[in-house]
Amino acid sequence: MPVAPEGMSGEPGSGGPPLPEASLDAEATPEPAESCGGFHTPRDRRNLRRFHLRVIAATLLYLGATAALRHPAAAPVALAWLLTGLAWLLAVVAMGSYLAFLRQADELLRRIELEGLALGFGAGAVFALLYPLLVALGAPDLQGEATALVMMVSWGAGSWLAGRRFSGYTSGRASSSGPGSP
Amino acid sequence: MTNRLRVLRAERRWSQAELAERLGVSRQTVNAIETGRYDPSLPLAFGLARLFGVAIEQIFAPEPGEVP
């Protein structure tokens, strides 16, 4: 693939002066945290932080609403309604934040996120459709949250795997059918 | 797709982070393009060409058999 061989200084046809080896190998050594370091641009980090804060707020409200519904004696119904409504609202807002993050993301990061989402959705759909067969065969009957958990874990795992692949931590290089191909 | 991004960048003595900042992308994106793990979008390819002052064909070239 298009990887420049080591020490390609003075490559025929490059039209440039001999290349400094230090510049060519600059990426081999870890660089200090810079504005565009890693997979995230400053905007990505900002958008991701906003998304995470809203997810945390929605999760806290969800836990609060759950506690209020389980202990009706301790919490008035109005409080349960309020917490449930706010949890819904924050969850929808968080979803919008993630969409904004995805639309504005660095293009490689967006590719990685989409691969993670694809794996998460696929794993969740397979689990939701096929696990009932296992239940019929004697597997424990899990609650509905199990599918969401499978989706979220698979999403994270898919993003991590794609990130490793594009950053070159896995063996082998991309071919024409690899991650770089359309 | 092959590319001469690493050569062009080294000619200007830019680090990957510097180039990434000029392009408004992450350093890993520059790294992935240079190492052939990722082919950039058309807008980013045009951005690279404009930044280096060359035509896209002088940066990117298809590998044999890659173009239908």
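Residues numbered from 1 in each chain as written. Chains lettered and ligands numbered in written order. Predicted model: local features only at pLDDT ≥ 70, side-chain atom pairs only at ≥ 80, totals over all residues. Heavy atoms only, no water.

## Some thoughts on unusual backbone geometry
Thinking step 1. Despite not being glycine, R13 of chain B has its phi angle at roughly 60 degrees, a positive value.
Thinking step 2. Position of R13 of chain B among the secondary structure elements: in the loop between α1 (5-11) and α2 (16-23). (Helix = DSSP H or I, 4+ residues; strand = E, 2+ residues; numbered from the N terminus.)

## Quick word on the packing of α2 of chain B against helix α4 (residues 42-52) of chain B
Residue and element names in this part refer to chain B.
Thinking step 1. α4 packs onto α2 with a crossing angle of 110 degrees between their chain directions and a minimal axis gap of 10 Å. Taken together, the axis directions place α2 and α4 in an arrangement best described as roughly perpendicular. On α4, the residues touching L19, R22 and L23 of α2 are L44, G47, L48, L51 and F52.
Thinking step 2. Residues that form the contact of α2 with α4 fall into these classes: six nonpolar, one polar and one charged. (Axes fitted to C-alpha atoms, helices over the stretch in contact; angles between N-to-C directions. Parallel < 35°, antiparallel > 145°, perpendicular 65-115°, else oblique. Contact = heavy atoms within 4.5 Å. Nonpolar A, V, L, I, M, F, W, Y, C, P; charged D, E, K, R; others polar.)

## Structural notes on the nonpolar core
Thinking step 1. Ranked by size, the top nonpolar core spans 31 residues in total, and within it L108 of chain A together with L19, L48, F52, I59 and F60 of chain B carry the most contacts.
Thinking step 2. Broken down by secondary-structure element, the contributors of at least two residues to this core are α2 (42-70), α3 (77-104), α4 (107-136) and α5 (145-167) of chain A together with α1, α2, α3 (27-34) and α4 of chain B.
Thinking step 3. Here this core gets five residues from one element, more than from any other, and that element is α4 of chain B.
Thinking step 4. Residue contacts for I59 of chain B: discarding those within four places in its chain leaves T2, N3, R4, L5, L8, L48, A49, F52 and V54 of chain B. (Core = buried A, V, L, I, M, F, W, Y, C linked by side-chain atoms within 4.5 Å. Buried < 20%, exposed > 50% of the residue type's maximum accessible area, 1.4 Å probe, protein only.)

## Some words on the pattern of salt bridges
If charged atoms from side chains of opposite charge come close, those side chains can pair.
Thinking step 1. Throughout the structure, instances matching the rule amount to five salt bridges over all chains.
Thinking step 2. Across the pair R9 of chain B and E34 of chain B runs a salt bridge whose closest N-O atoms are separated by 2.4 Å. Placement of R9 of chain B in helix α1 and of E34 of chain B in helix α3 is noted, with a sequence separation of 25 residues between them. An identical accessibility class is assigned to R9 of chain B and E34 of chain B; each is buried.
Thinking step 3. Here R12 of chain B makes a salt bridge to E11 of chain B, at a shortest N to O gap of 3.7 Å.
Thinking step 4. Residue classification places E11 of chain B among the partly exposed residues on the basis of a relative accessible area of 25%.
Thinking step 5. Taken together, the shared-partner salt bridges connect R111, E115 and R165 of chain A into one network. (Salt bridge = Lys/Arg side-chain N within 4 Å of Asp/Glu carboxyl O.)

## What to know about the side chain of S97 of chain A
Thinking step 1. In this structure, S97 of chain A sits in helix α3.
Thinking step 2. Apart from the residues lying within four places of it in its own chain, the contact partners of S97 of chain A are F51 and R54 of chain A.

## Focus on a nonpolar patch on the surface
Thinking step 1. A cluster of nonpolar side chains, contributed by L53, I56, L60, Y62 and L63 of chain A, occupies part of the molecular surface with about 540 Å² of accessible area.
Thinking step 2. For L53 of chain A, the location among the structural elements is in helix α2. (Patch = residues over 30% accessible without salt bridge, like charges linked within 9 Å, V, L, I, M, F, W, Y side chains within 5 Å. Areas by Shrake-Rupley, 256 points an atom, 1.4 Å probe, with all protein chains shown as cover.)

## What about the confidence of the model for chain A?
Residues and elements named next belong to chain A.
Thinking step 1. When pLDDT is averaged along chain A, the result is 78, and 73% of the positions lie at 70 or above.
Thinking step 2. α4 holds the highest mean pLDDT among the elements of chain A, 96, whereas helix α1 (residues 21-24) holds the lowest, 41.
Thinking step 3. Residue range residues 171-182 is modelled with pLDDT below 50. Its contacts to residues more than four positions away, or to other chains, number 17 contacts. (pLDDT = per-residue confidence, 0-100.)

## Structural notes on the packing of aromatic side chains
Residue and element names in this part refer to chain A.
Thinking step 1. If you walk through the whole model with that rule in mind, you get six aromatic pairs over all chains.
Thinking step 2. A ring pair is formed by F51 and Y98, whose centres lie 5.1 Å apart and whose planes are at 50 degrees; its orientation type is tilted. In this pair, F51 sits in helix α2 while Y98 sits in helix α3, placing the two residues 47 residues apart along the sequence. Each of the two residues, F51 as well as Y98, counts as buried.
Thinking step 3. Seen from their ring centres, Y98 and F101 are 5.6 Å apart, and the 50 degrees between their planes marks the pair as tilted. One end of the pair, Y98, and the other, F101, are both in helix α3, three residues apart, so they sit about a helical turn from each other. (Phe/Tyr/Trp six-rings, centres within 6.5 Å; stacked < 30°, edge-to-face > 60°.)

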